[in-house]
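This is what each chain is made of:
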Number of protein chains: 2
Amino acid sequence: MPSENHRPTQEDVAREAGVSRAVVSYVINNRSGGKVRISERTRRRVLEVVQRLGYQPNVNARSLRTRRSQLIAVMVPDLTNPFYPLMIRGIQAAVEGSDYHIVVYDSDDSAAHERAFVDMMLRRHVDGVVLVSFHLDVEDVRRLTQAGIQTVGIGGRLRAAGIDTVATRERPAAREIVRYLISRGHRRIAHLAGPQDTPPGQLRIQGYHEALEEAGLRYEEALVRYGTFKPAGVAQLIDSMFAASAPEQRPTAVFAANDLMAIEAIRALGRLGMRVPEDVAVCGFDNIPAAELVTPSLTTIGQDCQRMGRLAGETLLERLGAGARAEPRHVSVPYLLIVRESA
Amino acid sequence: MPSENHRPTQEDVAREAGVSRAVVSYVINNRSGGKVRISERTRRRVLEVVQRLGYQPNVNARSLRTRRSQLIAVMVPDLTNPFYPLMIRGIQAAVEGSDYHIVVYDSDDSAAHERAFVDMMLRRHVDGVVLVSFHLDVEDVRRLTQAGIQTVGIGGRLRAAGIDTVATRERPAAREIVRYLISRGHRRIAHLAGPQDTPPGQLRIQGYHEALEEAGLRYEEALVRYGTFKPAGVAQLIDSMFAASAPEQRPTAVFAANDLMAIEAIRALGRLGMRVPEDVAVCGFDNIPAAELVTPSLTTIGQDCQRMGRLAGETLLERLGAGARAEPRHVSVPYLLIVRESA
DNA sequence: TTGTATGCGTTATCAA
DNA sequence: TTGATAACGCATACAA
């Protein structure tokens, strides 16, 4: 059984210091200003007892009373995708120095988990939320905002929910990288798409589509395969794309919907005896740290996820602070075509 | 200003359903069993109102009352090191299905942050903690355990604190990989060490030391450089090791204290015009996902971090459940020498 | 089967 | 300057 030793409360501190509970509260919250004055002597005595007893305020009780939890929750779809830890770093950097604390929640890209997350945030009475969501809808977000929880979305998906968003313009970015492939002479360009029920998956395939159209190339279903944004399963998709079709029908370039898939594609191609970029060019999306480590290093679209995180954090803090209820703001973070060896 | 709309409480539900607050509480917590019986009709009416109002229990109030928060906190030193997200996945897997929720805290490998984390856990009254700590001491841990917070350490460092631990036996592992280098004929083996105020840093250099000794090789200060477990700065260390010394004095192999450093070392060596593994063999430690993606792929020690996480989570749940206060248990997870191309 | 009353640790109001 | 005291939302022993 947990020893569950009695933890000191303000009551204990007050008794020990020979003052009332209120005084302890004042001292701890530095309320000795406007209406209330605490003598320096009293203040020091209280702090000394706090120290000696190892008193720590109970934030549950506090936030019950104050209706603020000083908590910011961050939901991401996949912590093992290096993209998101970097984003979290950005948020942390923004929040550092404020009174807010961050808790991270990994939804494992599951709709059920995402919805459970909303409930949890409601129950925990967090003050603010940063959402990287693929499954929540406007109604889910309304539940948060209606409860007075400030919400910022990363990715444009939730713009319709009337919240602030920070996003990369993924469609133009996808278009640009496919354009680049075309400019290198590729005509049969395959797309290793992401899940089509997620906006990143949709936007990237749309960009792919647009670039082809611009160049007067035909969009062929046979050149598109649908994956999960994760390495698992990519090998089969590549196999089905290359092993099954006649050599002259094969794509000369593959645009993968993210780096994780692109890297796995390069490996799969290698196993099929194809060289990258000589036989097939490959490019990805995101620019995760591994992108420059692999061989051949990966041509990709750089999203500045750390900056996106920082912007999201800053936006949230603004809302939480002054809280001037202005129009929702949608900021888009520049992307960058990063040409390396793979294409 | 946050619209801060009134959120429904049990009071509201009770009024709406025409019952007392207690009944609502009973229904919500499924207390209709032993001493208390709630009619099915009442139950349904209450649940209907809960649904309609979108009532969510306030966990702060609840845990104030029950003295349980159903919260497990996980502290890791660096979320951007892929090692830790995997570990977290393991913990999540263990906790999935229980009533506990996980919050993740990234200490950025700072002693101050780690200590702040302890305070935070105390204040938030979390029920359990999984600690991957490089800086906390026995006294810090005692503050947690004395407050009745169940604590599990990952890594052997906190064994002395009398808590359960899950660890890889890093010293033998380091010894083994250096032995392997020796078995491949290397005699001048350099070590790109981790910070010496952290146990992983210490244990890995000790293993290195032991392997040399075993083989009758001299330990030379000139062959050791101290880094931070991060890529930054590694290039200079490699430069100083290779550029500065006469060719015949140069190491023929480098054992890096972790994969992140090893990968950066390979890149730095490449810039110096040295080939890996022909001119210099390189090996790492951890087996992060990128280890098999880089070229040459990385020879390293595989730590099963996901399993470590799962074990830590399971251990914690056991303690939280029955809470049978047995002796602290120390389990060590097998490691694996993974030979790839780099050495 | 349901309702009343109490206290969890805080903060905030109001007197003293 | 300080001290009672009333909420905050909930769970539960006990009474009805």
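Parameters at a glance
- Residues numbered from 1 in each chain as written.
- Chains lettered and ligands numbered in written order.
- Predicted model: local features only at pLDDT ≥ 70, side-chain atom pairs only at ≥ 80, totals over all residues.
- Heavy atoms only, no water.
- Helix = DSSP H or I, 4+ residues; strand = E, 2+ residues; numbered from the N terminus.
- Buried < 20%, exposed > 50% of the residue type's maximum accessible area, 1.4 Å probe, protein only.
- Contact = heavy atoms within 4.5 Å.
- Domains from an automatic or database assignment.
- Expected span 1.5 Å × (residues − 1).
- Arc of directions from axis to C-beta.
- Phe/Tyr/Trp six-rings, centres within 6.5 Å; stacked < 30°, edge-to-face > 60°.
- Lys NZ or Arg CZ within 6 Å of the ring centre and 35° of its normal.
- Near = heavy atom within 4 Å.
- Polar contact = N/O pair within 3.5 Å; in protein donor to acceptor, adjacent residues only side chain to side chain.
- Nonpolar A, V, L, I, M, F, W, Y, C, P; charged D, E, K, R; others polar.
- Axes fitted to C-alpha atoms, helices over the stretch in contact; angles between N-to-C directions.
- Parallel < 35°, antiparallel > 145°, perpendicular 65-115°, else oblique.
- Left-handed = near helix turned anticlockwise from the far one by under 90°.
- Least-squares fit on C-alpha atoms with pLDDT ≥ 70 in both.
- Pairing = 2+ DSSP bridges.
- Buried area = accessible area lost by both parts, 1.4 Å probe.
- Salt bridge = Lys/Arg side-chain N within 4 Å of Asp/Glu carboxyl O.

## Concerning the environment of M241(A)
Residues and elements named next belong to chain A.
So, point 1. Mapped onto the elements of the fold, M241 is located in helix 10 (residues 234-242).
So, point 2. For M241, a relative accessible area of 3% corresponds to the buried category.
So, point 3. Taking the C-alpha atoms as reference points, M241 and L223, separated by 18 residues in sequence, lie 7.3 Å from one another.
So, point 4. Dropping the residues within four chain positions of it, M241 is found in contact with A190, H191, L223, V224, R225 and P251.

## Focus on the domain arrangement of chain A
How big an interface is tends to be stated in terms of accessible area lost as the parts join.
So, point 1. In terms of domains, chain A is made up of domain 1 (10-57), domain 2 (69-167 + 305-333) and domain 3 (170-303).
So, point 2. Distance from the C-alpha centre of domain 1 of chain A to the C-alpha centre of domain 2 of chain A: 36 Å.

## Focus: helix 3 (residues 40-53) of chain B
Residues and elements named next belong to chain B.
So, point 1. Counted at 1.5 Å a residue, the expected span for helix 3 with its 14 residues is 20 Å, and the 20 Å between its end C-alpha atoms agrees.
So, point 2. Every buried residue of helix 3 is listed here: T42, V46, V49 and V50. Viewed end-on, helix 3 has its buried residues packed into an arc of 105 degrees, placing them on one side of the element. Relative to its buried face, helix 3 has exposed residues pointing more than 90 degrees away, namely R41, R44 and Q51.
So, point 3. At the exit of helix 3 stands G54, carrying a positive phi of roughly 65 degrees.

## A few points about the packing of aromatic side chains
So, point 1. Applying the stated criterion to the full structure yields 8 aromatic pairs over all chains.
So, point 2. Taking the centre distance of 6.1 Å and the plane angle of 65 degrees together, the rings of Y208(A) and Y219(A) count as edge-to-face. Of the two residues, Y208(A) sits in helix 9 (residues 199-214) while Y219(A) sits in the loop between helix 9 and strand 7 (224-226), which places them 11 residues apart along the sequence.
So, point 3. What makes Y219(A) partly exposed here is its relative accessible area of 25%.
So, point 4. When the ring of Y105(B) is compared with that of F117(B), the centres are 5.1 Å apart and the planes differ by 45 degrees; the resulting orientation is tilted. Placement of Y105(B) in strand 2 (residues 101-106) and of F117(B) in helix 6 (residues 111-124) is noted, with a sequence separation of 12 residues between them. An identical accessibility class is assigned to Y105(B) and F117(B); each is buried.
So, point 5. The ring of F285(B) is capped by R204(B), whose NZ or CZ atom sits 3.9 Å from the centre of that ring.

## Description of the protein's contact with DNA strand C
So, point 1. Around DNA strand C, the surrounding shell holds 30 residues, and the nearest of these are Y55(A), R65(A), S20(B), T42(B) and R65(B).
So, point 2. A share of 62% is what sugar and phosphate atoms reach among the atoms of DNA strand C within 4 Å of the protein.
So, point 3. In this structure, R67(B) approaches DNA strand C through a side-chain N or O atom, which is 2.7 Å from a phosphate oxygen.
So, point 4. Within the residue set of the surface near DNA strand C, elements represented by two or more residues are helix 2 (21-28) and helix 4 (59-66) of chain A together with helix 2 (21-28) and helix 4 (59-66) of chain B.
So, point 5. A breakdown of the residues in the surface near DNA strand C according to their chemical character gives 12 nonpolar, 10 polar and 8 charged.

## Details of the packing of helix 1 (residues 10-17) of chain A against helix 3 (residues 40-53) of chain A
In helix packing, the relevant descriptors are the interaxial angle and the interaxial distance, both defined with respect to the helix axes.
All names here are of chain A.
So, point 1. Interaxial distance between helix 1 and helix 3 falls to 9 Å at its minimum, and their mutual angle equals 125 degrees. In terms of their interaxial angle, helix 1 and helix 3 are classed as oblique. Read as a crossing pair, helix 1 and helix 3 show a hand that is right-handed. Here helix 1 contributes D12, V13, E16 and A17 to the contact with helix 3, which in turn contributes R45, V46, V49, V50, R52 and L53.

## A word on the relation of the copies chain B and chain A
So, point 1. In the superposition of chain B on chain A (RMSD 0.0 Å, axial shift 0.0 Å), the rotation amounts to 180 degrees. One copy is carried onto the other by what is essentially a two-fold rotation axis.
So, point 2. Here 100% of the contact residues of chain B are again contact residues in chain A; the copies associate through an equivalent surface.

## Section: the sheet that holds strand 8 (residues 253-256) of chain B
Residues and elements named next belong to chain B.
So, point 1. The 4 strands lie next to each other as 7-6-8-9, forming an open sheet whose pairing is parallel. The strands lining the two open edges of the sheet, one partner per strand, are strand 7 (224-226) and strand 9 (281-283). Put simply, the sheet's adjacent strands are angled 15 degrees from each other on average, direction ignored.
So, point 2. Note that strand 8 and strand 9 share 3 bridges and pair parallel. Across the sheet, residue A253 finds its bridge partner in strand 9, namely A281.
So, point 3. Running over the sheet, helix 8 (residues 170-183) touches strand 6 (189-193), strand 8 and strand 9 and is turned about 170 degrees from strand 8.
So, point 4. Docked against the sheet, helix 10 (residues 234-242) engages strand 6, strand 7 and strand 8, running at close to 155 degrees with respect to strand 6.

## Quick word on the interface of chain B and chain A
So, point 1. Contacts between the two partners involve 59 residues from chain B and, on the opposite side, 59 residues from chain A.
So, point 2. The contact between chain B and chain A buries some 5200 Å² in all, and 48% of this surface belongs to carbon and sulfur atoms.
So, point 3. Scanning the region where chain B abuts chain A turns up 8 salt bridges.
So, point 4. Counting the contacts that link chain B with chain A gives 27 residue pairs in polar contact (both at pLDDT 80 or more).
So, point 5. Breaking the side of chain B that touches chain A down by element, the ones donating at least two residues are helix 4, helix 5 (83-95), strand 2, helix 6, helix 7 (138-146) and helix 11 (259-271) of chain B.
So, point 6. Considering only residue class, the side of chain B that touches chain A consists of 26 nonpolar, 19 polar and 14 charged.

## A look at the pattern of salt bridges
So, point 1. Taken as a whole and judged by the stated rule, the model has 56 salt bridges over all chains.
So, point 2. The closest approach of N and O atoms between R44(A) and E40(A), which form a salt bridge, is 3.4 Å. Separated by 4 residues within a single helix, R44(A) and E40(A) lie in helix 3, roughly one turn from each other.
So, point 3. Between D279(B) and R275(B) there is a salt bridge, with the nearest N and O atoms lying 3.1 Å from each other.
So, point 4. On the basis of relative accessibility, which here comes to 29%, the residue D279(B) falls in the partly exposed class.
So, point 5. One salt-bridge network, held together by shared partners, links D78(A), D106(A), D108(A), K230(A) and R89(B).

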